[in-house]
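# Close look at the chain arrangement
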Amino acid sequence: MAVYTEVSDEALTAFLSAYEIGTLLSYKGIAEGVENTNFFLHTTVGSYILTLYEKRVDAGDLPFFLNLMEHLAARGLACPQPIAKRDGVALGELCGRPAVIVSFLEGVSVKRPNADHCRALGVALAGLHRAGSDFGMRRANNLSVESWEPLFLAAGPAADTVSVGLTERVRGDLAVLRAGWPRGLPSGVIHADLFTDNVFFIGDDLSGLIDFYFACTDAFAYDLAICLNAWCFEPDGTFFPDKGAAMIAGYQSVRRLLDDEVDALPILCRGAALRFMLTRLVDWLNVPPGALVQPKDPLEYDRRLVFHRSATHARDYGWVA
Ligand SMILES: Nc1ncnc2c1ncn2[C@@H]1O[C@H](COP(=O)(O)OP(=O)(O)OP(=O)(O)O)[C@@H](O)[C@H]1O
Ligand SMILES: N[C@@H](CCO)C(=O)O
């Protein structure tokens, strides 16, 4: 359950009075997710998602995220659409937090994706990169390589209480990643958090993408690396080459990877794994008192890093020429 900010009936009713979405029938806090506070809203007009943005979302970035979702939907991508208030503005404030209502997407996320799911995700990811190619706004990735050492310092010596030797392992990764992080790769709008819980399927068909609140301007192949980490490993760190191969083939059926991107894939995957291990580690060590949230296990990504440290070529992830 990720509800960091409680919302009373009275506060929500007052908030909704600025919208033309009917009368509130019910609302419920949503269990999934760890970053923001989400409620399912059911009104006399339809179903919606109300999001109150929490610590990792800078209110100044919300126009980028909201305009991006509208831009992508206008190019046929199935993603939530911000609902504007009567004044034409989608961004509001509720219980002291920036708040937005978006359209509800049907579909379910898959907990254990198979190779077909991975292929479909690869196709959708490349489609997102293409649809975003003419988006007029930019946003730096504030969770890229430069942020990882400050994140690790925020975890501090308590890191080794989570896993013996974690500090030493992370220092080794940081040294390699800082020295070899690729620059100048083909870049543009990326999602940067396209985990299985942010992708919906109806039957075997991918039906929607959500949670664009880490979207930014960065290397397309880094987005693929994030997805390889999130979709092609077991929690114990086992990598499934058939899933990686399917995802990369799906991606390349829409957008072929350049040689530089292929060469960079192993270090991009290692960096992506470290990024999510570190944000999970900080959250694991800093659950706000009273927050209803189940933090995600950083060691799932510590175990993925064992695989990445030994990978030397994109072939290790299922890429074929
Ligand atoms: N537009 C939507 N339509 C349907 N369900 C949605 C929508 N947006 C969010 N949800 C539901 O709410 C859950 C949490 O949403 P979201 O992933 O955006 O929260 P979060 O805190 O950012 O989570 P994460 O940990 O993935 O970053 C989703 O897993 C999904 O079940
Ligand atoms: N999808 C992320 C949470 C949002 O950063 C994770 O699973 O660690």
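Remember, it's a predicted structure, so these values are computed and weren't measured experimentally.

What counts and how
Residues numbered from 1 in each chain as written. Chains lettered and ligands numbered in written order. Predicted model: local features only at pLDDT ≥ 70, side-chain atom pairs only at ≥ 80, totals over all residues. Heavy atoms only, no water. Near = heavy atom within 4 Å. Polar contact = N/O pair within 3.5 Å; in protein donor to acceptor, adjacent residues only side chain to side chain. Nonpolar A, V, L, I, M, F, W, Y, C, P; charged D, E, K, R; others polar. Core = buried A, V, L, I, M, F, W, Y, C linked by side-chain atoms within 4.5 Å. Buried < 20%, exposed > 50% of the residue type's maximum accessible area, 1.4 Å probe, protein only. Helix = DSSP H or I, 4+ residues; strand = E, 2+ residues; numbered from the N terminus. Contact = heavy atoms within 4.5 Å. Areas by Shrake-Rupley, 256 points an atom, 1.4 Å probe, with all protein chains shown as cover. Salt bridge = Lys/Arg side-chain N within 4 Å of Asp/Glu carboxyl O.

### Quick look at the site of ligand 2
In the region of ligand 2, the neighbouring residues are V34, E35, D193, F195, F214, R275, F276, R280 and K296. For ligand 2, an oxygen atom lies 2.7 Å from a polar atom in the side chain of R280. Class assignment of the residues belonging to the shell around ligand 2 gives a composition of four nonpolar, no polar and five charged.

### Description of the nonpolar core
Ranked by size, the top nonpolar core spans 90 residues in total, and within it W148, F212, Y222, L228, W231, M247 and L274 carry the most contacts. At 14 residues, the largest contribution of residues to this core is made by helix α9 (residues 259-285). Not counting residues up to four positions away in its chain, the partners in contact with F212 are F65, L68, M69, L72, L77, C79, P80, L128 and H191. Residues L12, L16, F39 and L41 belong to the second largest nonpolar core, which totals 16 residues.

### Regarding the site of ligand 1
Neighbouring ligand 1 are 20 residues, the closest being V34, E35, N36, L105 and D211. Between ligand 1 and the protein, one listed contact pairs an oxygen atom with a backbone N or O atom of N36 at 2.8 Å. Side-chain polar atom of D211 to an oxygen atom of ligand 1: 2.8 Å apart, as the coordinates give it. For ligand 1, whose free accessible area comes to 610 Å², the fraction covered by protein is 92%. Within the shell around ligand 1, the residues separate by chemical class into nine nonpolar, five polar and six charged.

### Notes on the pattern of salt bridges
Enumeration over the complete set of coordinates arrives at 18 salt bridges. The partner of D297 in a salt bridge is R303, and the shortest N-O contact between them spans 3.9 Å. Residues joined by salt bridges that share partners form a network here, namely E35, K55, R56 and D283.

So far we have only geometry, and geometry alone does not tell us how the molecule works.
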